[in-house]
Amino acid sequence: DLETHGHKVVQSLWVDKGSGLLSETLRNVVWSEMVIKPTISAGSYLTKRFTHDDIPSILAEYTPLSEQHSWVIQPYLPEIVEKGEVSMLYFNGAYSHAVIKTPAKGDFRIQSQFGGVYDSFEPSDDLIAEGALILRHIDPNSLYGRVDMIELEGVYHVMEVEMIEPDLYFSIHPEAIHRFIGAVVEKLGSLK
């Protein structure tokens, strides 16, 4: 859907839970390295990087879980290590702040429990506008949302969009707490 609105999105293959299509999907992937993760997850739960040689072991582990989970499969992007992943947060559709997350040496997962490092990031005005448009396409009335992007060949691509986010990175941007509280008050006021 985002691509039809002109947004660049990391290539993704989707396997619905209970569809029985995980094996067929993986066997037809052309990427040399890829990442699989549940479509609803947190903290890199069940997220793995693998190659074609690993497909039998991935199928053995993930097929029994396919009644409970839908999957997204994406190419492994070395840019995650080289440049990091940008997360932009918006409250009531307005940009608040951004962080850049880089994995620990030897890992690809950017979560802090795996040694990932988070730093403040200053996106361009164009990138901020892009994130706001993405969220408007998904849910223009959302209290908050997070747009995760990665730079590929000089162009930012959406990796994922979080609409139920447990970490709003207030430890890196403590001033954003006030913007969030203001957004909550504004949203509650609009419900009257």
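Residues numbered from 1 in each chain as written. Predicted model: local features only at pLDDT ≥ 70, side-chain atom pairs only at ≥ 80, totals over all residues. Heavy atoms only, no water.

Colleague: Would you explain the sheet that holds strand 5 (residues 85-91) in this entry?
Modeller: The pairing of strands in a sheet happens through backbone hydrogen bonds and is either parallel or antiparallel. On the basis of which strands lie adjacent, the open sheet formed by five strands has the order 7-6-5-8-9 and antiparallel pairing. Strands with a single pairing partner mark the edges of an open sheet, and in this sheet they are strand 7 (117-120) and strand 9 (155-162). Averaged over all adjacent pairs, the angle separating strand axes in this sheet is 30 degrees, with direction ignored. Looking at chain direction, strand 6 (residues 94-102) and strand 7 are connected through four bridges and run antiparallel. When the sheet's bridge partners are listed, Thr102 is paired in strand 7 with Val117. (Pairing = 2+ DSSP bridges. Helix = DSSP H or I, 4+ residues; strand = E, 2+ residues; numbered from the N terminus. Axes fitted to C-alpha atoms, helices over the stretch in contact; angles between N-to-C directions.)

Colleague: How do you make sense of the packing of aromatic side chains when you look at a structure like this?
Modeller: Working definition: an aromatic ring pair is given by the centre-to-centre distance plus the angle between the planes. Across all of its chains, the model carries seven aromatic pairs by this definition. Considering the side-chain rings of Tyr76 and Phe108, the 6.5 Å spacing of their centres and the 85 degrees angle between planes classify their relative orientation as edge-to-face. One end of the pair, Tyr76, is in the loop between strand 4 (71-75) and helix 3 (79-82); the other, Phe108, is in the loop between strand 6 and strand 7, and 32 residues separate them in sequence. Owing to a relative accessible area of 13%, Tyr76 belongs among the buried residues under this scheme. (Phe/Tyr/Trp six-rings, centres within 6.5 Å; stacked < 30°, edge-to-face > 60°. Buried < 20%, exposed > 50% of the residue type's maximum accessible area, 1.4 Å probe, protein only.)

Colleague: Teacher, can you tell me more about unusual backbone geometry here?
Modeller: Only a minority of non-glycine residues have a phi that is not negative, and only a minority of peptide bonds are not trans. The residue Glu153 is not glycine, and still its phi comes out positive at about 50 degrees. With respect to the secondary-structure elements, Glu153 resides in the loop between strand 8 (144-152) and strand 9. For Tyr169, which is not glycine, the phi dihedral falls at a positive 60 degrees.

Colleague: So what exactly am I meant to see when it comes to the sheet that holds strand 2 (residues 33-38) here?
Modeller: Reading across from one edge, 1-4-2-3 is the order of the four strands in this open sheet, with antiparallel pairing throughout. Edge strands, defined here as strands with exactly one partner in the open sheet, are strand 1 (13-15) and strand 3 (48-51). Shown here is a sheet whose adjacent strand axes are inclined to one another by a mean of 25 degrees, direction ignored. Pairing between strand 2 and strand 3: four bridges, direction antiparallel. Directly across from Ile36, in strand 3, lies its bridge partner Lys48. Packing against the sheet, helix 2 (residues 55-62) makes contact with strand 2, strand 3 and strand 4, and its axis sits at approximately 140 degrees to strand 3. (Contact = heavy atoms within 4.5 Å.)

Colleague: Would you mind going over the pairing of strand 9 with me for this structure?
Modeller: Looking down a regular strand, the side chains alternate between one sheet face and the other. Of the pairings in the sheet, the one linking strand 8 to strand 9 comprises seven bridges and is antiparallel in character. Of the residues in strand 9, the one forming a bridge with Arg146 is Glu162. From the end of strand 8 to the start of strand 9, which pair antiparallel, there are two residues, and Glu153 there has a positive phi angle of about 50 degrees.

Colleague: Is there a simple way to think about helix 2 in this case?
Modeller: One turn of an α-helix holds 3.6 residues; hence residues three or four places apart share an orientation. Listing the buried residues of helix 2 in full gives Ile55, Ile58, Leu59 and Tyr62. In a view along the axis of helix 2, the buried residues occupy a sector of 100 degrees, so they form one face of it. In this structure, helix 2 carries Pro56 and Ala60 as exposed residues pointing more than 90 degrees from its buried face. Of the surrounding secondary structure, the elements contacted by the buried residues of helix 2 are helix 1 (22-27), strand 2, strand 3 and strand 4. (Arc of directions from axis to C-beta.)

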